[in-house]
Amino acid sequence: MILVISASAQYDPKALQSLDAMSKKYKAIPSFEANISYVLTNDVEKVNEEFKGKITVKGDKFRLSLPEQEVINNGSTVWTYLPEAKEVNIDNYDPNSEDVNPSKIYDIYKKGFKYLYLQDKTEGGVLCEEIDLVPEKKDAQFFKIKMFITKKDKSIQSWTMFDKGGNKYKYTISKFTPNVKIEDSYFAFDPKKYPGVEIIDLR
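Residues numbered from 1 in each chain as written. Predicted model: local features only at pLDDT ≥ 70, side-chain atom pairs only at ≥ 80, totals over all residues. Heavy atoms only, no water.

A.B. asks: Teacher, can you tell me more about the packing of aromatic side chains here?
C.D. replies: Two descriptors summarise a pair of aromatic rings, namely the distance from one centre to the other and the angle between the planes of the rings. In total, this model carries 15 aromatic pairs according to the counting rule given. A ring pair is formed by Tyr 109 and Tyr 115, whose centres lie 6.4 Å apart and whose planes are at 80 degrees; its orientation type is edge-to-face. For the pair Tyr 109 and Tyr 115, a shared accessibility class is recorded, and that class is buried. An aromatic cluster is built from Tyr 26, Phe 32, Tyr 106 and Phe 176, whose rings are joined through pairwise contacts. Above the ring of Tyr 186, the side-chain terminus of Arg 63 is found at 4.6 Å from the ring centroid. (Phe/Tyr/Trp six-rings, centres within 6.5 Å; stacked < 30°, edge-to-face > 60°. Buried < 20%, exposed > 50% of the residue type's maximum accessible area, 1.4 Å probe, protein only. Lys NZ or Arg CZ within 6 Å of the ring centre and 35° of its normal.)

A.B. asks: What's the story with empty space enclosed by the protein in this structure? I'm lost.
C.D. replies: Any space left empty among the atoms is revealed by the rolling of a water-sized probe across them. Counted according to the given criterion, the structure contains 1 cavity of 30 Å³ or more. Quantified by volume, the largest cavity comes out at close to 100 Å³. Every residue along the wall of the largest cavity is listed here: Tyr 26, Phe 32, Ile 36, Ile 55, Val 57, Pro 102, Ile 105, Tyr 106, Ile 156, Trp 159, Ile 173 and Phe 176. Those elements giving two or more residues to the lining of the largest cavity turn out to be β1 (31-42), β2 (47-58), β10 (156-162) and β11 (168-178). For the lining of the largest cavity, the per-class residue count stands at 12 nonpolar, no polar and no charged. (1 Å grid on protein atoms, 1.4 Å probe; cavity = no way out; pocket = protein on both sides within 12 Å on 5 of 7 lines; lining within 4 Å. Points joined across faces, edges and corners; volume = space filled by probe spheres on them. Helix = DSSP H or I, 4+ residues; strand = E, 2+ residues; numbered from the N terminus. Nonpolar A, V, L, I, M, F, W, Y, C, P; charged D, E, K, R; others polar.)

A.B. asks: What exactly am I supposed to notice about unusual backbone geometry here?
C.D. replies: The backbone phi angle of Lys 86 is positive, close to 55 degrees, even though this residue is not glycine. With respect to the secondary-structure elements, Lys 86 resides in the loop between β5 (77-82) and β6 (87-92). According to the relative accessible area criterion, Lys 86 is partly exposed, its value standing at 43%. The phi angle at Asn 179 is positive, at roughly 55 degrees, despite the residue not being glycine. Its place among the elements puts Asn 179 in the loop between β11 and β12 (198-201). Residue class for Asn 179 comes out partly exposed when judged on its relative accessible area of 49%.

This is the structure:
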């Protein structure tokens, strides 16, 4: 009996209901833009770094702009631009990879994760449902992703990724703007706009 309860809790129907509603909401929006704050903490190493940036998503394309790097994904190619190093790394995008990216955070629970509803909790002044995603693979990049989904409209308030090195990566969404008009060319790196940049092609 204990084993049955434990197994069902790993794929919690209450968590699934909330996750499905959240996923449906975002999949119905063809494009969006949002301000985002990114906080990296490690209690053991006494690391606490915060950056603010912007995320733009259109279908499976996204552009994440942070002070220390810019990640651009057009659905087939990924560019990672490092302003301080004046270099850009180019790689193929694998849609089946286990990497967590902003264009699929609202769908990530559907494959390779167990999920558990923990509690209703106020996050950033908003009443949310706290849900943990735990990967089925023990050697996954992150051992847990904690999501806060607003009770009112099933928006993502924040998500935090935990790795085995003690790092916590927290992303918080603010100023969400749906249905922005954006050209596909915005989701590609144009070296002409970055004179002197070193191009490192890893494909």
